Amino acid sequence: MEGVKKLFCLYAEKTKLHLRQREPITSGSVNVYPVRFAFSAEWDGLSRTAVFKAGADGEPVSVLLDASSECTIPWEILTEKGPLLMAGVYGTDASGEIVLPTIWVSLGQILGGAKPGKDAQPPTPDLWQQALAAKADSLNYTPDGDLGLYAGDQLLSAVPVASGGGEGGVTDHRLLKGRDAPEQHPITSIKGLPEELERIPEPAEALTNEDLEELLK
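Residues numbered from 1 in each chain as written. Predicted model: local features only at pLDDT ≥ 70, side-chain atom pairs only at ≥ 80, totals over all residues. Heavy atoms only, no water.

A.B. asks: Hey, could you run me through the overall build of the protein chain in this one?
C.D. replies: Secondary structure summary: the protein chain contains three helices and 13 strands in total. A total of 217 residues make up the protein chain; the buried ones form 26% of that total. Of all intrachain contacts in the protein chain linking residues separated by at least 6 positions in sequence, the fraction that spans at least 24 positions is 52%. (Helix = DSSP H or I, 4+ residues; strand = E, 2+ residues; numbered from the N terminus. Buried < 20%, exposed > 50% of the residue type's maximum accessible area, 1.4 Å probe, protein only. Contact = heavy atoms within 4.5 Å.)

A.B. asks: Any chance you could explain the nonpolar core here in plain terms?
C.D. replies: Looking at soluble globular proteins, one finds that nonpolar side chains tend to be buried together. In terms of nonpolar packing, the biggest core is built from 26 residues, with F37, F52, I73 and L107 touching the most fellow members. Dropping the residues within four chain positions of it, F37 is found in contact with L10, L17, A50, L65, S69, C71, G88 and V89. (Core = buried A, V, L, I, M, F, W, Y, C linked by side-chain atoms within 4.5 Å.)

A.B. asks: What is the right way to look at the packing of aromatic side chains in this model?
C.D. replies: Remark: the centre distance and the inter-plane angle together describe each pair of aromatic rings, the angle taken between the planes. Considering all chains together, one arrives at three aromatic pairs under this definition. For the ring pair F8 and Y33, a centre distance of 6.2 Å and an interplane angle of 75 degrees mean the geometry is edge-to-face. Of this pair, F8 sits in strand β1 (residues 8–13) while Y33 sits in the loop between β3 (25–26) and β4 (34–39), and the two are 25 residues apart along the sequence. F8 sits in the buried class, given a relative accessible area of 0%. (Phe/Tyr/Trp six-rings, centres within 6.5 Å; stacked < 30°, edge-to-face > 60°.)

A.B. asks: How should the sheet that holds β4 be read in this particular structure?
C.D. replies: Backbone hydrogen bonds are what pair the strands of a sheet, in a parallel or an antiparallel way. In spatial order, the strands read β2-β1-β4-β7; together these four strands make up an open sheet with mixed pairing. If you trace the sheet from one side to the other, it starts and ends with β2 (16–21) and β7 (70–72), each paired once. Geometrically, the sheet is characterised by an average inter-axis angle of 25 degrees between neighbouring strands, direction not taken into account. (Pairing = 2+ DSSP bridges. Axes fitted to C-alpha atoms, helices over the stretch in contact; angles between N-to-C directions.)

A.B. asks: Would you mind showing me how to read the side chain of S40 here?
C.D. replies: Counting through the fold element by element, S40 comes out in the loop between β4 and β5 (47–54). Contact partners of S40, with chain neighbours within four places excluded, come to Y11, A12, E13 and K14.

A.B. asks: Before we go on, may I ask you to explain the pairing of strand β9 (residues 98–101) in this structure?
C.D. replies: Taken residue by residue, a regular strand's side chains alternate between the two faces of the sheet. By the bridge criterion, three bridges tie strand β8 (residues 84–92) to β9 in an arrangement that is antiparallel. When the bridges of β9 are listed, G91 appears paired with L100. From the end of β8 to the start of β9, which pair antiparallel, there are five residues, and G96 there has a positive phi angle of about 90 degrees.

A.B. asks: Help me understand the sheet that holds strand β11 (residues 138–141), please; the structure alone is not making it clear to me.
C.D. replies: An order of β11-β12-β13 is seen for the three strands of this open sheet, with the pairing classed as antiparallel. Across the chains shown, the open sheet's two edge strands, defined by having one partner strand only, are β11 and β13 (154–159). Neighbour to neighbour, the strand axes of the sheet diverge by 35 degrees on average, direction disregarded. In the sheet, β11 pairs with strand β12 (residues 147–151) via four bridges, with the strands oriented antiparallel. Across the sheet, residue L139 finds its bridge partner in β12, namely L149.

A.B. asks: Can you help me understand unusual backbone geometry in this one?
C.D. replies: The bulk of non-glycine residues show a negative phi, and the bulk of peptide bonds are trans. Phi at K14 takes a positive value of approximately 55 degrees, unusual for a residue other than glycine. Examined against the element boundaries, K14 turns out to sit in the loop between β1 and β2. One non-glycine residue, N31, lies in the positive phi region at around 55 degrees. The residue N31 is located in the loop between β3 and β4 in this model.

Here it is in structure tokens:
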């Protein structure tokens, strides 16, 4: 019912521990399960400590009860689903000696809690990515050989293109950066050109374009 605080309620009747109210428990929960204890007259004058563990062989975790006999189930025992959540309580006298322990009682099985999984769809792009995509209408190479995103003739963004011709090389001549710079195409880089140039005799006078075309036929 709305407005009613959800919690576990237990009653310690001397060494017996009775579960009076509970709720489902999920793995991965942290400090969200309050527990309230009530005690019979045998507990008067004793300091009271609650104990919790996951399964019969789990490592117990102790929690001092406050003045209202309440505490919170420690998160350390709720990390794994499957085992039963066990609870107990013990009383100590003025010297700190345990004089009244209860039996263990089950608070229910620790159920598997929801946790992050794989995204079903790609994440929504950031605003700048959405704006960029809305303006762009084509992909093309930039003068430097990068892959560019264009809106008409305007370059919006560019990314380097991974090389594909060995270390430091490319397989597409268009992607060579600085290929228009001086001295980037020596004669020896063109197959057969040095031999063909050797066939051209020294001119007696400067050759015209027509003379050169005739020699190269």
